[in-house]
Amino acid sequence: MVKVLVFAGSARRDSLNKKLARIGARHVAASGGEATFVDLQDYPMPLYHGDLEAAEGPPPNARKLREVFLAHDALLIASPENNSSVTALLKNTLDWLSRSLGDGHGVNSGLAPYRGKLAGLMSASPGPFAGVRGLPHLRQILSSLGVTVLGAQVSIPRADRAFTAQGELVDAEQDRLVAKLAHAVVDTARKLREAPDPPRIMQDH
């Protein structure tokens, strides 16, 4: 079974993107995947600092969350937009997890939590742009880490009015789009996992 890690780039208790991520997790399960929802609030980390890393290594929560990433085939991320980009929380989390631990995952072991993974992107915002301006930045960051990001994405505008008291989307079409993206994540990740290794090119030395 394809294992999909679902989370939002926000620690706020009533985050709109956490609500969206939880809906995404339910649709992953409905599509035949195994969804794991994590709250970044449960993995607080200091702001990345090279001197801190040199003195103490990655913080314990970075090590814990790194193991969670390693155990999954794909990511489904609901990303808020801060000043037309990703949140400091999300960027800091991705940065810490990209640091090498020398844990047997190869020379570029910092990329081990990301390498070969697939990701689907979502966003929700009270504004009319639905957080869409920050997603190209997240797409670029993930791609540089070795993640294949699906072209399709979902953005929910006026999100302060988009959810019911029970955390469901009011608009059935928006819910259908989230379901479609979740299915694409599960289906594509399954195909990538089952695909044979690409042929190696022989070179003369």
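Bear in mind that the values here come from a model prediction, so they are computed numbers and not experimental data.

To continue, consider the packing of aromatic side chains. Centre distance and the angle of the planes are the two values used to describe a pair of aromatic rings. Applying the stated criterion across every chain yields a total of three aromatic pairs. With a centroid separation of 5.7 Å and an interplanar angle of 50°, the aromatic rings of Phe7 and Phe69 are classed as tilted. Highlighted residues: Phe7 in strand β1 (residues 3-8) and Phe69 in helix α3 (residues 60-70), separated in sequence by 62 residues. Comparing Phe7 with Phe69 shows no difference in burial state: the two are buried. A ring pair is formed by Phe69 and Tyr114, whose centres lie 5.9 Å apart and whose planes are at 75°; its orientation type is edge-to-face. A residue pair is termed long-range when its members are at least 10 positions apart, and Phe69 in helix α3 and Tyr114 in the loop between α4 (88-97) and β4 (118-124) qualify at 45 residues. Among the residues examined, Phe69 registers a relative accessible area of 1% and is labelled buried. Its relative accessible area of 0% is what places Tyr114 among the buried residues. Here the aromatic cluster, defined as three or more aromatic residues joined through ring pairs, consists of Phe7, Phe69 and Tyr114.

This brings us to the nonpolar core. Val4, Leu20, Leu76, Met122, Ile156 and Phe163 are the most contacted members of the largest nonpolar core, which totals 29 residues. Those elements that place two or more of their residues in this core are β1, α1 (16-30), β3 (74-78), β4, β5 (148-156) and α6 (172-194). If near-sequence neighbours (up to four positions away) are discounted, Leu76 is found in contact with Val4, Leu5, Val6, Phe7, Gly24, Val28, Gly120, Met122, Leu181 and Val185. With 27 residues, the next largest nonpolar core counts Leu65, Val86, Leu94 and Ala119 among its residues.

Before going further, it helps to spend a moment on the pattern of salt bridges. On inspection of all chains with the given rule, the structure shows ten salt bridges. Taken together, the shared-partner salt bridges in this structure form one network comprising Asp187, Arg190 and Lys191.

Ordered in space as β2-β1-β3-β4-β5, the five strands form an open sheet in which the pairing is parallel. For this open sheet the edge positions go to β2 (34-37) and β5, each flanked by a neighbour on one side alone. Sheet twist, expressed as the average angle between the axes of neighbouring strands with direction ignored, equals 20°. Bridge count for β1 against β3 is five bridges, and the pairing is parallel. For Val4, the partnering residue across the bridge sits in β3 and is Ala74. Those strands touched by helix α5 (residues 135-144) are β3, β4 and β5, and its axis lies near 160° from that of β5.

Once that is clear, we can look at α5. Along α5, the residues that are buried comprise Leu135, Leu138, Ile141 and Leu142. Take α5 and look down its axis: the buried residues cluster within an arc of 120°, on one side only. Turned more than 90 degrees from where α5 packs its buried face, Gln140 and Ser144 sit exposed. Packed against the buried residues of α5 are β3, α4, β4 and β5. Remark: Gly146 follows α5 within two positions and exhibits a positive phi of approximately 100°.

Attention now goes to the confidence of the model for the protein chain. Across the protein chain, pLDDT averages 91, with 92% of residues at or above 70. Segment residues 198-205 is flagged for pLDDT under 50; beyond a separation of four residues in sequence, or across chains, it makes zero contacts in the model.

Rules used throughout
Residue indices follow the written sequence of each chain, beginning from 1 at its first position. Only residues with pLDDT of at least 70 get local features here, since the model is predicted, and only at 80 or more are side-chain atom pairs given and counted; chain-wide, interface and lining totals rely on the full set of residues. No hydrogens and no water enter the side-chain calculation; it runs on all heavy atoms of the structure. Ring pairs shown here join Phe, Tyr and Trp side chains whose ring centres sit within 6.5 Å, with only the six-membered ring taken for Trp; geometry is labelled stacked below 30 degrees between planes, edge-to-face above 60, and tilted in between. Only DSSP runs of H or I reaching four residues or more are called helices, and only runs of E reaching two or more are called strands; each is numbered from the N terminus. Buried means the residue's accessible area, taken with a 1.4 Å probe over protein chains only, is under 20% of the maximum for its type, while exposed means over 50%, and partly exposed covers the values in between. The set of buried Ala, Val, Leu, Ile, Met, Phe, Trp, Tyr and Cys residues whose side-chain atoms join them within 4.5 Å is what this entry labels a nonpolar core. Only heavy atoms matter for contacts: two residues are in contact if any of them lie within 4.5 Å across the pair. By convention in these notes, a salt bridge is any Lys or Arg side-chain nitrogen within 4 Å of a carboxyl oxygen on Asp or Glu. Here a strand pair is declared whenever DSSP counts at least two bridges between the two strands. Each axis is a line fitted through C-alpha atoms, taken for helices only over the stretch in contact, and angles between the N-to-C directions span 0 to 180 degrees. Note that the arc is defined by the directions from the helix axis to the C-beta atoms. Scored from 0 to 100, pLDDT records how confident the predictor is in each individual residue.

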